[in-house]
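Here's the letter readout for the chains.
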Amino acid sequence: MKFSLSWLKSHLDTDADAKTVAETLTRIGLEVEGVENPAERLAGFRIAKVLTAEHHPQADKLQVLSVDAGANFNNGAPIQVVCGAHNARAGLVGVFGAAGAVVPSNGMELRVAAIRGVESNGMMCSARELELGDDHDGIIELPADAPVGQAYADYANANDPVFDVAITPNRQDCMGVHGIARDLAAAGLGRLLPLSPSRLREGLGVGASASSRALQTNPPPTPPASGRGEFPCPTEIRTDDPEGCPAFFGRVIRGVTNKASPDWMQARLKSAGQRPISALVDITNYVMLDLGRPAHAYDLAKLKGAVVARRALDGETVTVLNGKGYSLTSAMTVIADETQVHDIAGIMGGEHSGCSDATTDVLLEIAYFTPERIAKTGQTLALTSDARTRFERGVDPAFLDDGLAILTRYILDICGGEASEVVRAGQPPLVPKSFRYDPMLCDRLGGINLPLIEQKAILEALGFGVADDWTVTVPSWRRDIDGPADLVEEVIRIHGIDHVVTEPLPRRAGVALPTATPMQTLERKMRRSAASLGLNEAITWSFISEKEAEAVGGGAWTLANPISEDLKVMRPSLLPGLLAATQRNLDRGATSVRLFEIGRRYLSSGEHPSLTFVLAGDAVARHWQSGKAQGFTAFDAKALCLALLEAGGAPVGNLQVMGEAGIVYHPGQSATLRLGPKNQLASFGVIHPNVTKAFGIDGPVIAGGIHLDAIPAKRGQAGFMRPAFAPPPLQAVTRDFAFLVPDSVPAGDLVRAIRGADKIAITAARLFDRFAGAGVPDGKVSLAVEVTLQPVEKSFDDAGLKAISDRIVAAAAKLGADLRG
């Protein structure tokens, strides 16, 4: 559920800022998943005026503009900008993005650059580039009196934070902005503004800020009396399925003009993630989001005879607004006329009878559908919609007349026309629900002893009726309330669940309290991960001999009175113990050794927790396909290091492969993994032959070490829970690029440069081929990289793919790489 702060303030008289609103929503059980301010994406963009426009000397389709971006920018001096828009001309007032600004549509940071030999210090922007619309044919043209130099976000009233709230299935009353405002008012954040004609006429109400008032240039209209109309309804409306559709209300509105909806309505729909379509469609969508009441408008000219809510016939089909056809069964409720089905009831309208620009007469329908029927139909058809989300949770059955009146008033004021009388088929299931409530339950069940007057005030603010004898009447919009325990929950969540005193459960004698430190928790996670990767844990001595210490560079701490000369030096590395264990295993006939150990290294700077592993012998035993075994390589160690670091929460995608790993490793066959040049997280490679010889090992040994204390601590969480799986809505695209690269450039640097070419569209880059030899110049190597591109809002077109490809080639060129022909 998304909505803007100004939209919320049209229902809530409050001076609270976005941060306070978000904190309060989460505190009362309406978890805020995110708050985004559109103004932040427009930082760096300002209103500017084109002073001159001259032809580019090297390009026919480009112009060199002289731009005035205001007295407080560039000391008031004109700025040179190269622009390719056809409408760029002297005197035009538009939106200028300065160097350093990030383009919202693609995440590209603007820089000072030479375009065909002429310096450009930013760009004049189109609506699509700023994500303000789909127009990309030219740059934005603002009124001539627009204030030059003003931040565009302020001019466009874009400083309006948008909340994304996760509504739990039991809170159907909060599937509209008005319901969320009711909860906030009950929590003391402001005063709920009633849905009265006078307030709706005033627009946003007394609690709105000046900027939000400016956003609403045409306030919501006053609803008429729900039943009165200017003429009898010419269309028969009835329900033949009282089980699936107990109530089906409607009226005809003739003489409408279906144009674009008002700017204030479009702005609110966009904040909710909706795309404005036309006034008639936008009005029904707006009321659904604003008041939690779905409805539908049909083009009357496309209907034949009576409009009926009925059960579908087995095998009956309908094509709905998403362009897909569905086969229906008799277990489903539909809206149909005498000839065909026009609507899968409560889920999605039909494509045939939708409103268009040519619509002049509409049938406005509002109904109550049985939640269980809607849920089963949606599951059977695998069809989701905003309407289904609300109907299957249960909309307010008492809001049919008022909802129809509000919808009618919006249509009449925005689209014109005249409304018929209301036809009411059936009755909504209005069964009053009330029961006795004992206020002492708040303490017994919830652990909070609240005064009776405060409990009563909370319940009444939420819409409950509370009699003197504590008989509580449940409002029609709270389908989830079944008994006194639910009222305790309501009182406590509004008062603040954080006020519930923590009472630990009794602990049996002998059961220790949890005492694991973050490092101990990390070590346990790494131990399990290493074992799952096929490594066997070893536990070796923390003391080694002087000879073993010298083989790995020497130790910093030597015991003055050791119990044995073989246990004299505190180990500077875990490798000596693991290499000694490897030698013993190989001597006893082991063909494959895979050992790891978690312990402390003792250096001059102190003790450091580490994980070290060694690989020796056969990685793959000989088999019929090759006839010989395969040994381990340094790349096996690198893969293990990356897997273990990822398990430990390290930002693996940001790691850099750098330099040699030290004297213990073979030159040219080892490296380190770092976050920047100074923060080394791991080392890996082939152990130097002199070291393996010192431990009596005949044959190569591969090793790797992870510095556990160098792994950055996780922010905001102590556990290792995986992030929620969120599959992208659009199909990814892969493209292969082959570059000729100087053989001194690491392949990892090329892959990292490619990933950085477009941090939004490029989700993965993987080296899959390396070739040197015939056809490749001396001193160079051919590297082939597979790049995965993930569209976000729409699929890539040829122009978009070419633009990304050009950025990839440009990023590779900075490393001296050339695209192979």
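Residues numbered from 1 in each chain as written. Predicted model: local features only at pLDDT ≥ 70, side-chain atom pairs only at ≥ 80, totals over all residues. Heavy atoms only, no water.

**So, the overall build of the chain**
So, step 1. Counting its secondary structure elements, the chain contains 22 helices and 41 strands.
So, step 2. Taking the principal axes of the C-alpha coordinates as reference, the chain spans close to 105 × 85 × 60 Å.
So, step 3. Split into buried and exposed, the 821 residues of the chain put 48% on the buried side.
So, step 4. Excluding contacts between residues fewer than 6 apart, the proportion of contacts in the chain whose partners are at least 24 apart in sequence is 67%.
So, step 5. A total of about 39900 Å² of accessible surface is found on the chain, and carbon and sulfur atoms cover 51% of it. (Helix = DSSP H or I, 4+ residues; strand = E, 2+ residues; numbered from the N terminus. Buried < 20%, exposed > 50% of the residue type's maximum accessible area, 1.4 Å probe, protein only. Contact = heavy atoms within 4.5 Å. Areas by Shrake-Rupley, 256 points an atom, 1.4 Å probe, with all protein chains shown as cover.)

**Observations regarding helix H12 (residues 400-415)**
So, step 1. Spanning 16 residues, H12 covers 22 Å between terminal C-alpha atoms, matching the ideal 22 Å at 1.5 Å per step.
So, step 2. Taken across its 16 residues, H12 has twelve buried, putting it largely inside the fold.
So, step 3. Here H12 has its buried residues at Leu-400, Gly-403, Leu-404, Ala-405, Ile-406, Leu-407, Thr-408, Tyr-410, Ile-411, Leu-412, Ile-414 and Cys-415.
So, step 4. Those residues of H12 that are buried lie in contact with strand E14 (247-254), helix H8 (263-271), helix H9 (279-291), strand E22 (361-368) and strand E23 (418-419). (Expected span 1.5 Å × (residues − 1).)

**Digging into the packing of aromatic side chains**
So, step 1. Throughout the structure, instances matching the rule amount to ten aromatic pairs.
So, step 2. Taken together, a centroid distance of 5.4 Å and an interplanar angle of 85° make the contact between Trp-264 and Tyr-286 edge-to-face. Placement of Trp-264 in helix H8 and of Tyr-286 in helix H9 is noted, with a sequence separation of 22 residues between them.
So, step 3. For Tyr-286, a relative accessible area of 1% corresponds to the buried category.
So, step 4. An aromatic cluster is present here, built from Trp-7, Trp-264, Tyr-286 and Tyr-410 joined pairwise through their rings.
So, step 5. Directly above the aromatic system of Trp-477 lies the positively charged group of Arg-182, at a separation of 4.2 Å from the ring centroid.
So, step 6. Between Arg-424 and the ring centre of Phe-249, over which it is positioned, the NZ or CZ distance is 5.9 Å. (Phe/Tyr/Trp six-rings, centres within 6.5 Å; stacked < 30°, edge-to-face > 60°. Lys NZ or Arg CZ within 6 Å of the ring centre and 35° of its normal.)

**Some words on the side chain of Asp-480**
So, step 1. Its location among the elements puts Asp-480 in the loop between strand E27 (471-474) and helix H15 (484-495).
So, step 2. At a separation of 2.9 Å, a polar atom in the side chain of Asp-480 contacts the side chain of Arg-478.
So, step 3. Residue contacts for Asp-480: discarding those within four places in its chain leaves Asn-170, Arg-171, Gln-172 and Asp-486. (Polar contact = N/O pair within 3.5 Å; in protein donor to acceptor, adjacent residues only side chain to side chain.)

**Comments concerning the sheet that holds strand E38 (residues 733-742)**
Sheet strands associate in pairs through backbone hydrogen bonding, adopting either a parallel or an antiparallel arrangement.
So, step 1. With antiparallel pairing, four strands are arranged side by side in an open sheet as E39-E40-E38-E41. Both outer strands of the open sheet, strand E39 (762-771) and strand E41 (818-819), are each paired with one neighbouring strand and no more.
So, step 2. Alignment of E38 against strand E40 (residues 780-789), held across ten bridges, turns out to be antiparallel. Across the sheet, the residue bridging to Leu-740 is Ser-782, located in E40.
So, step 3. Its contacts with the sheet put helix H21 (residues 747-755) on E38, E39 and E40, and the angle it makes with E39 is roughly 150°.
So, step 4. Against the sheet, helix H22 (residues 798-813) engages E38, E39, E40 and E41, with an angle of about 25° to E38. (Pairing = 2+ DSSP bridges. Axes fitted to C-alpha atoms, helices over the stretch in contact; angles between N-to-C directions.)

**Considerations on the sheet that holds strand E25 (residues 433-436)**
So, step 1. The sheet built from three strands is open, its strands ordered E25-E27-E26 with antiparallel pairing. The open sheet has two edge strands, E25 and strand E26 (465-466), and neither has a second partner.
So, step 2. One ladder, built from two bridges, connects E26 with E27; its direction is antiparallel. Each bridged residue has a counterpart across the sheet, and for Gly-465 the counterpart in E27 is Thr-473.

**A word on the pattern of salt bridges**
So, step 1. Counted under the stated rule, the structure contains 37 salt bridges.
So, step 2. Residues Asp-13 and Arg-191 are paired through a salt bridge, measuring 3.5 Å at the closest nitrogen-oxygen approach. Placement of the pair is Asp-13 in strand E2 (residues 12-13) and Arg-191 in strand E12 (residues 191-192), with a sequence separation of 178 residues.
So, step 3. Given a relative accessible area of 45%, Arg-191 falls into the partly exposed group.
So, step 4. For Arg-807, the salt bridge goes to Asp-758, with nearest N and O atoms at 2.6 Å. (Salt bridge = Lys/Arg side-chain N within 4 Å of Asp/Glu carboxyl O.)

**Considerations on the nonpolar core**
So, step 1. Formed by 117 residues in total, the largest nonpolar core has its most connected members in Phe-3, Ile-180, Leu-328 and Tyr-437.
So, step 2. At nine residues, H12 tops the list of elements feeding residues into this core.
So, step 3. Residues within four places of Tyr-437 in sequence aside, it is in contact with Cys-442, Gln-455, Leu-459, Trp-470, Val-472, Pro-484, Leu-487, Val-488 and Val-491. (Core = buried A, V, L, I, M, F, W, Y, C linked by side-chain atoms within 4.5 Å.)

**A closer look at the confidence of the model for the chain**
Low pLDDT marks regions whose predicted coordinates should not be analysed in detail.
So, step 1. Per-residue confidence for the chain gives a mean pLDDT of 89, with 95% of residues at or over 70.
So, step 2. Contacts for the low-pLDDT stretch residues 197-226, under 50 throughout, to residues beyond four places or in other chains number 69 contacts. (pLDDT = per-residue confidence, 0-100.)

**Observations regarding the side chain of Ser-6**
So, step 1. Looking at the element boundaries, Ser-6 is found in helix H1 (residues 5-9).
So, step 2. A polar contact is formed between the side chain of Ser-6 and the side chain of Ser-4, at a distance of 3.4 Å.

**Things to note about the packing of H8 against H9**
So, step 1. Closest axis-to-axis distance for the H8/H9 pair is 10 Å, and the angle between their directions is 55°. Judged by the angle between their axes, H8 and H9 are oblique. Crossing angle aside, the handedness with which H8 passes H9 is left-handed. Residue-level inspection shows Trp-264, Met-265, Gln-266, Arg-268 and Leu-269 of H8 in contact with H9, the latter providing Asp-282, Ile-283, Asn-285, Tyr-286 and Leu-289.
So, step 2. Classifying every residue of the contact of H8 with H9 by side-chain character gives six nonpolar, two polar and two charged. (Parallel < 35°, antiparallel > 145°, perpendicular 65-115°, else oblique. Left-handed = near helix turned anticlockwise from the far one by under 90°. Nonpolar A, V, L, I, M, F, W, Y, C, P; charged D, E, K, R; others polar.)

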